[in-house]
Amino acid sequence: MIEVRIHGRGGQGAVVASKILAVSIFKEGKYVQSFPNFGVERRGAPVTAYTRIDDKAILLRCKIYNPDHVVILDPSLIEAINITEGLKEKGWVIINSDKEPSHFNSLIKKYRVATVDASGIALKNSLGSKANPIVNTAILGAFCKTTGLFRLTSLMEAVREEVPSAQERNVQAVEDAYHQVKY
Amino acid sequence: MKKILMGNHAVSYGALLSRVEVIAAYPITPQTQVVEELSEMCAQGKLKARYINVESEHSAMAACIAAEQAGARTFTATSAHGLTLMHELLHWAAGGRLPIVMANINRSMAPGWSIWTDQNDSLSQRDTGWLQIYCESNQEVLDSIIQAYKIAEQILLPVMVILDAFVLSHTFEPVDIPKQELVDQFLPELDYPYKLDVKNPCSFGSLLPPEYYLELRYKVQKAMEEAHDVIIKVDKEFQQVFGRSYGGLVEEYRTEDAELVLVASSTVASTSRMVVDQLRDEGVKVGMIKMRFFRPFPTKEVTNILKQAKKVAVIDRNISYGQGGIFCEEIRSVLYNIDRQEKPPVFGYIAGLGGRDITPTTIREILSHTLKEDKPKENIIWIGVKH
């Protein structure tokens, strides 16, 4: 079983990202489960969402404590919370950042780090505003490329189905991030 | 067609496919998405139902009672404080023999204020005359709504379909949405025998003197007893049409030759399956029964399975203050009259109240404790209490 934890801030679409991830992988015939951190959410406050992936039906029904990979929608969270809590060694940390992976030298010792300027890609594709770019689809493009867990075409299809508006711009953001991610 | 659905929307699809005709509901976390989706389905014309916005859950149930009495298939959904506000009318729905179906998302009662799961809201409605189904997956949620109408409309008692807050309500997973034609074939239109009819005037809910009241209550109990076989039959028919079955009232999991039997319900039963598999791999003879129905209580099944066990461990995500875990107490009660030499010690564990996570480690801890001890030293064994 592979377990993924997504960190974002309320309004960035972490929960939707966890669902799109689940739908993409489900399309390839695997079993999936995704859920938000059980609780109340506020705009701007840290939000966590989870996705489980397996080849057989998922019976486990509790939170994820030892994720295989983490996805960070907002780099300011790295200072605010312990984003690697319970993360397995050599797990991917995929960060929305315009910096090189080597910039995150405290993480790089234990984990594999990938970066992508998801905010820049979102703005280029007119997703959200400068103050609040919608980065959830772009970061999944980076996740797809880095982890190789599923095909880009499955993700693009899932984005078209699951995103309520601007489907093609979101698909473009996915593709841009897929090609621009650094790791 | 398989879709990734959250538990709340699995409820909505169950109601849609059952072609409910009247929905009266009031939103409450973590249930709101159930009725939000249903109101959307009504607005889009996908569901031809009258959607009634009401000012409270008490009114929601009152509207369902009136609509059902008029012969319409009705639905509502609620949670915790909403359910307990309905309490008076839950008695009315069952006593009036109205086959209403309601979803309840298990949420803990305040204070302290909580939106997380435990079973005290629904279990405290135990004596209202409603059947109760506890579900462990989103598929079972959708399927149980459809089954619930079929059961309710045969025995003329209301049914509550119950799912855990967040652990199911807000969790997305693959759900097979059956074809409407198949559901129509399985669940015929409601033909309520005692409906309001100007051509056949009757009086409903009128004063009932002592010389009749007892007989009406006797009939409610008889309907509950009759429900036992109806539930099993409906589950079998469901399997023939849709290829899925839930064991009727109780599902056994690896209980063959099990010396220790774990009793669990809701999503705890799902996680328990994993733990049972792990322990079996380690050579421990352990099995599990999932309590799908709490009312009617599966007395026959529970007795037959548990009398073969050497020890029984019950996990309760609920408590009856001054007594103990509610499933545990009922299990001890039905085992009381079996032969002394067959009677296994029943260990009662309370865990996960207020949404405290129940992980495989929690369940292993419980089973290790039961394996180690000969007899329970206390009526309640608390798991994870911080002092």
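Predicted model only: the values in this text are computed from it and were never measured. (Residues numbered from 1 in each chain as written. Chains lettered and ligands numbered in written order. Predicted model: local features only at pLDDT ≥ 70, side-chain atom pairs only at ≥ 80, totals over all residues. Heavy atoms only, no water.)

1. Observations regarding the overall build of chain B
Heads up, the condition is: Only DSSP runs of H or I with at least four residues qualify as helices, and only runs of E with at least two residues qualify as strands; both kinds are numbered from the N terminus onward. Each residue gets one of three labels from its accessible area relative to the maximum for its type: buried under 20%, exposed over 50%, partly exposed in between, using a 1.4 Å probe on protein chains only. Only the protein chains shown count as cover for residues, and the accessible areas themselves come from Shrake-Rupley with a 1.4 Å probe.
Of the regular secondary structure elements, chain B holds 13 helices and 15 strands. Dimensions of chain B, computed from C-alpha atoms along their principal axes, come out at roughly 65 × 55 × 45 Å. Across the 387 residues of chain B, 60% fall into the buried class. Working note: accessible area of chain B is about 16,200 Å², and carbon and sulfur atoms make up 52% of it.

2. Description of helix α9 (residues 210-242) of chain B
All names here are of chain B. Test applied: Take the number of residues in a helix, subtract one, and multiply by 1.5 Å to get its expected span. What the bend at a residue measures is the angle between two axes, fitted to the seven residues ending there and to the seven starting there.
Relative to the 48 Å expected for 33 residues at 1.5 Å per residue, α9 spans 47 Å between its end C-alpha atoms, a close match to the ideal helical length. Most pronounced at H228, the bend in α9 amounts to some 30°. Those residues of α9 not exposed but buried are V220, A223, M224, A227, H228, V230, I231, V234, D235, F238 and F242. Downstream of α9 by one or two residues, G243 has phi in the positive range, about 80°.

3. Structural notes on the interface of chain B and chain A
Our working rule: Any two residues whose heavy atoms approach within 4.5 Å at even a single point are treated as in contact. Accessible area that two parts lose when put together, evaluated with a 1.4 Å probe and summed over both, is termed the buried area. Whenever a carboxyl oxygen of Asp or Glu lies within 4 Å of a side-chain nitrogen of Lys or Arg, that contact is scored as a salt bridge. The definition of a polar contact used here is a pair of N or O atoms within 3.5 Å, where within protein one atom must be able to donate a hydrogen and the other to accept one, and adjacent residues in sequence count solely through side-chain atom pairs. Nonpolar residues are Ala, Val, Leu, Ile, Met, Phe, Trp, Tyr, Cys and Pro. Charged residues are Asp, Glu, Lys and Arg, and all others, Gly as well, are polar.
Listed per partner, the contact involves 23 residues of chain B and 17 residues of chain A. When the area that chain B buries against chain A is broken down by residue, the three leading residues are I4, F172 and D357 of chain B, summing to 30%. Here chain B and chain A share one salt bridge between them. Between R61 of chain A and E173 of chain B there is a salt bridge, with its nearest N and O atoms 3.0 Å apart. Counting the contacts that link chain B with chain A gives nine residue pairs in polar contact (both at pLDDT 80 or more). At the level of elements, β1 (2-6), β8 (172-176) and α10 (266-281) of chain B are the ones that each hand at least two residues to the side of chain B that touches chain A. When residues in the side of chain B that touches chain A are grouped by element, the largest group, five residues, is from α10 of chain B. Looking at the side of chain B that touches chain A, its residues break down into eleven nonpolar, seven polar and five charged.

4. Thoughts on the pairing of strand β4 (residues 74-79) of chain B
All names here are of chain B. How we decide: Whether two strands pair comes down to DSSP finding at least two bridges between them.
Counting buried residues in β4 gives six out of six residues, a clear majority hidden from the surface. Here β4 shows no split at all, with T74, T76 and T78 on one side and F75, A77 and S79 on the other all buried. For strand β2 (residues 22-25) and β4, the ladder comprises two bridges, and the chain directions are parallel. Of the residues in β4, the one forming a bridge with I23 is F75. Where β4 meets strand β5 (residues 101-106), five bridges bridge the pair, whose relative direction is parallel. When the sheet's bridge partners are listed, T76 is paired in β5 with M102.

5. With respect to the sheet that holds β4 of chain B
Within a beta sheet, neighbouring strands are joined by backbone hydrogen bonds and run either parallel or antiparallel to one another. All names here are of chain B. Counted only if it meets this: Under this scheme, a helix contributes an axis fitted over its contacting stretch, all axes are lines through C-alpha atoms, and angles between N-to-C directions fall in the 0 to 180 degree range.
One open sheet holds the seven strands; their spatial order is β3-β2-β4-β5-β7-β6-β12, and the pairing between them is mixed. In this open sheet, the two edge strands, each paired with only one partner strand, are β3 (50-53) and β12 (293-295). Across the sheet, the mean angle from the axis of one strand to that of its neighbour is 20°, orientation sign disregarded. Two elements, β2 and β3, share four bridges in a ladder whose sense is parallel. Across the sheet, the residue bridging to V22 is R50, located in β3.

6. Side note on the side chain of H228 of chain B
Residue and element names in this part refer to chain B. Following the sequence through the fold, H228 ends up in helix α9. Note on H228: relative accessible area 12%, which makes it buried. Residues contacting H228, with those up to four places away along its chain left out, are L249, P296, K300 and E301.

7. Details of the sheet that holds strand β13 (residues 311-316) of chain B
Residue and element names in this part refer to chain B. With respect to topology, six strands assemble into an open sheet ordered β9-β11-β10-β13-β14-β15, the strand pairing being mixed. One side of each edge strand has no neighbouring strand; the edge strands of this open sheet are β9 (250-253) and β15 (381-382). Here five bridges tie strand β10 (residues 260-264) to strand β11 (residues 286-291), and the two strands are oriented parallel to one another. Paired with V263 across the bridge in β11 is I289.

8. Section: the packing of aromatic side chains
All names here are of chain B. Here is the rule we go by: Working definition: rings of Phe, Tyr and Trp (its six-membered ring) pair if their centres are within 6.5 Å, and the pair is stacked with planes under 30 degrees apart, edge-to-face with planes over 60 apart, and tilted otherwise. The rule for a charge over a ring is simple: NZ of Lys or CZ of Arg within 6 Å of the ring centre, and within 35 degrees of the ring normal.
All told, the structure shown has eleven aromatic pairs over all chains when counted by the stated rule. For the pair F294 and F327, a centre-to-centre distance of 5.0 Å together with 65° between the ring planes defines the contact as edge-to-face. Of this pair, F294 sits in strand β12 while F327 sits in helix α12 (residues 326-335); the two residues are 33 residues apart in sequence, bridging distant segments of the chain. Here F294 and F327 have matching classes, each one buried. Put simply, the rings of Y134, F294, F297 and F327 touch in pairs and so form one group of aromatic residues. The ring of F186 is capped by K150, whose NZ or CZ atom sits 4.5 Å from the centre of that ring. Directly above the ring of Y253 sits R273, whose terminal nitrogen or CZ lies 5.2 Å from the centroid.

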